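Here is what each chain is made of, one letter per residue.
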Amino acid sequence: MRKLLPILLLSGAMVVRGQHDPQRNASRLIATEDFAKANKELAMANPKERETHFVNMMLALKKDDLKSAVEHAQQALDTRLSFSRLMAGPRELLPKLHATDAYKKWATEYPTPALIHGPMVGSVTDASATFWVRTAEEAEVEIRIGKGRARSRSSKDRDYTTTVRVNGLQPSTEYDYRVYIDGQQAEAENTKFRTYPERGSGGKFKVGFGGGAGFVPQWERMWDNILTFDPVAMFMLGDNVYIDQPEETLTQHYCYYRRQSLPEWRRLVASTAMYSIYDDHDFGMNDCVPGPEIETPKWKRRVWNIFRENWVNPAYGGGEKQPGCW
């Protein structure tokens, strides 16, 4: 390695407004069924944003108010929410919506992709790469690179995700790849990547790094901005999403899904090797320390598993015997 060129650090000004947005705050209150406070939070959100409509739909579903849930889902679609958001989840809530006549009608009117999130490339070497996806249902996932093929199967137990490892690649080579779900090619943007230089040799390259990536819709274009620098890798250094609720899987899923559903994010991760660690806001609460105990707090392993389901790292701490993030 001759030179390391860090190209970007997400600005602090961007983080401040995105850390605790009303939609995220409301999702936390919906998870604990504090509906009155959830309504107050949503009253502070931009009523025209599709994300506000989506969270209002979540609130209605949690309250078993299907009529209101359908109305808010329709408003979200009218403001150009991707229909795949209604497929992705949080799946703790959406089965109620999926059973409605309105949803069944939408499913005939809007694209219903088999590939919900990803592909995300990572764990790249001079001869291999791994690809992460989330599918609509359990499915066989195949990655094709030239004549090479590798397969895996997404699992409900892993939130409909899987990773596919492709070996036998050449060093310092740009590859195009395709994603197939149950034998059908999935629509995906920017599906290309570069392998690393041969082990032991040198080379020039760019990497991106950043943390504290709060969710602000009008600034999510930053992922496209990073992509213009053509980094070979992107290091997400923690607080990659702001969850702050380790006891509730609904909030964790919501925070990951809304970022992963964005086309700007998907274009970046499809071609840039991603590496991620968690910090306090995506692991637990503000300024928390995970500590050395494996099963304490009691939610530690569950949070770790959800983190693993949403990234494509080469490793996650010491694995099942010593879960962590290093």
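Everything quoted here is computed from the prediction, not taken from an experiment. (Residues numbered from 1 in each chain as written. Predicted model: local features only at pLDDT ≥ 70, side-chain atom pairs only at ≥ 80, totals over all residues. Heavy atoms only, no water.)

Asks: Describe empty space enclosed by the protein, with residues and values.
Replies: Scanning the model with the defined rule gives two cavities of 30 Å³ or more in all. For the lining of the second largest cavity, the element with the most residues is helix α10 (residues 249-260), which contributes three residues. Among the residues making up the lining of the second largest cavity, the classes are represented as six nonpolar, three polar and one charged. (1 Å grid on protein atoms, 1.4 Å probe; cavity = no way out; pocket = protein on both sides within 12 Å on 5 of 7 lines; lining within 4 Å. Points joined across faces, edges and corners; volume = space filled by probe spheres on them. Helix = DSSP H or I, 4+ residues; strand = E, 2+ residues; numbered from the N terminus. Nonpolar A, V, L, I, M, F, W, Y, C, P; charged D, E, K, R; others polar.)

Asks: Which residues make up the pattern of salt bridges, and what values do they have?
Replies: A side chain with one charge may pair with a side chain of the opposite charge, provided their charged atoms come close. Applying the stated criterion to the full structure yields 16 salt bridges. Put simply, R144 and E142 hold a salt bridge, and the shortest N to O gap is 2.5 Å. Judged by relative accessible area, which is 16%, R144 ranks as buried. Taking relative accessible area as the criterion, E142 reaches 5% and is therefore assigned buried. Notably, a salt bridge pairs R267 with D224, separated by 2.8 Å at the nearest N-O pair. Of the two residues, R267 sits in helix α11 (residues 263-271) while D224 sits in helix α9 (residues 222-227), which places them 43 residues apart along the sequence. Through salt bridges with shared partners, a single network forms among E295, R301, R308 and E320. (Salt bridge = Lys/Arg side-chain N within 4 Å of Asp/Glu carboxyl O. Buried < 20%, exposed > 50% of the residue type's maximum accessible area, 1.4 Å probe, protein only.)

Asks: Lay out the nonpolar core with the relevant residues and their values.
Replies: Considering soluble globular proteins, one finds that nonpolar side chains tend to be buried as a cluster. One finds M57, L86, L97, W106, W265 and W311 to be the most contacted residues of the largest nonpolar core, which totals 62 residues. Ranked by residues supplied to this core, first place goes to helix α4 (residues 50-62) with seven residues. Apart from the residues within four sequence positions on either side, W265 is in contact with M120, W223, M236, R259, Q260, M274 and W311. The next biggest cluster of nonpolar side chains, apart from the first, holds 27 residues, and it includes A139, V141, I143 and Y275. (Core = buried A, V, L, I, M, F, W, Y, C linked by side-chain atoms within 4.5 Å. Contact = heavy atoms within 4.5 Å.)

Asks: Give a description of the sheet that holds strand β9 (residues 184-185) that names residues and reports values.
Replies: Strand pairs in the sheet, formed through backbone hydrogen bonds, run parallel or antiparallel to each other. Strand order across the open sheet formed by four strands is β5-β4-β8-β9, with antiparallel pairing between neighbours. Each edge of the open sheet is held by one strand with a lone partner, namely β5 (148-153) and β9. The sheet contact formed by strand β4 (residues 140-145) and β5 spans six bridges and is antiparallel. From the neighbouring strand, R144 faces β5, where its bridge partner is R149. (Pairing = 2+ DSSP bridges.)

Asks: Provide a residue-level description of the layout of surface pockets, including the pertinent values.
Replies: Looking at the largest pocket, its volume works out to about 920 Å³. In terms of lining residues, the largest pocket is bounded by 29 residues, among which S82, S84, S261, P263 and R266 are the most central. When contributions to the lining of the largest pocket are tallied by element, the ones reaching two or more residues are α4, α6 (83-88), β2 (115-122) and α11. Residue composition of the lining of the largest pocket, grouped by class: 14 nonpolar, four polar and 11 charged. Each pocket or cavity is described by its volume, and for the second largest pocket that value is around 510 Å³.

Asks: Requested: an account of helix α2 (residues 22-31), with residues and values cited.
Replies: Burial within α2 is extensive, with eight of its 10 residues counted as buried. The set of residues buried in α2 consists of Q23, R24, N25, A26, S27, L29, I30 and A31. Packed against the buried residues of α2 are α3 (35-43), α4 and α10. Directly after α2, the chain includes E33, whose backbone phi takes a positive value near 60°.

Asks: Any chance you could break down the confidence of the model for the protein for me, citing the residues and the numbers?
Replies: In the predicted model, the protein carries a mean pLDDT of 92, and the fraction of residues at 70 or more is 94%. In the predicted structure, residues 1-17 sits below a pLDDT of 50 and forms 42 contacts with residues beyond four places in sequence or in another chain. (pLDDT = per-residue confidence, 0-100.)

Asks: Explain the side chain of S84 to me, using residue names and the numbers behind them.
Replies: By the secondary structure assignment, S84 is in helix α6. Classification of S84 by relative accessible area gives buried; the value is 6%.

Asks: Report on the packing of α10 against helix α13 (residues 300-309), specifying residues and quantitative values.
Replies: Running from N to C, α10 and α13 point in directions that differ by 20°, and their axes come no closer than 11 Å. Here α13 runs roughly parallel to α10, going by the angle between their axes. Remark: the crossing between α10 and α13 carries right-handed chirality. Judged by residue contacts, T249, Q252, H253 and Y256 of α10 engage R302, V303, I306 and F307 from α13. The class makeup of the residues in the contact of α10 with α13 is four nonpolar, three polar and one charged. (Axes fitted to C-alpha atoms, helices over the stretch in contact; angles between N-to-C directions. Parallel < 35°, antiparallel > 145°, perpendicular 65-115°, else oblique. Left-handed = near helix turned anticlockwise from the far one by under 90°.)

Asks: How would you summarise unusual backbone geometry if you had to cite specific residues and measurements?
Replies: Negative phi is the rule for most residues except glycine; trans is the rule for most peptide bonds. Cis geometry is adopted by the peptide bond preceding P119, which originates at G118 and carries an omega value of 5°. Following the sequence through the fold, P119 ends up in strand β2. Here the bond from T296 into P297 is cis, since omega is -5°, no more than 30 degrees from zero. Position of P297 among the secondary structure elements: in the loop between α12 (280-283) and α13. A positive phi angle, near 50°, is found at D182, a position not held by glycine. Mapping D182 onto the fold places it in the loop between β8 (178-181) and β9. Given a relative accessible area of 48%, D182 falls into the partly exposed group. One non-glycine residue, D239, lies in positive phi territory at about 50°. Here D239 lies in the loop between β12 (233-236) and α10.

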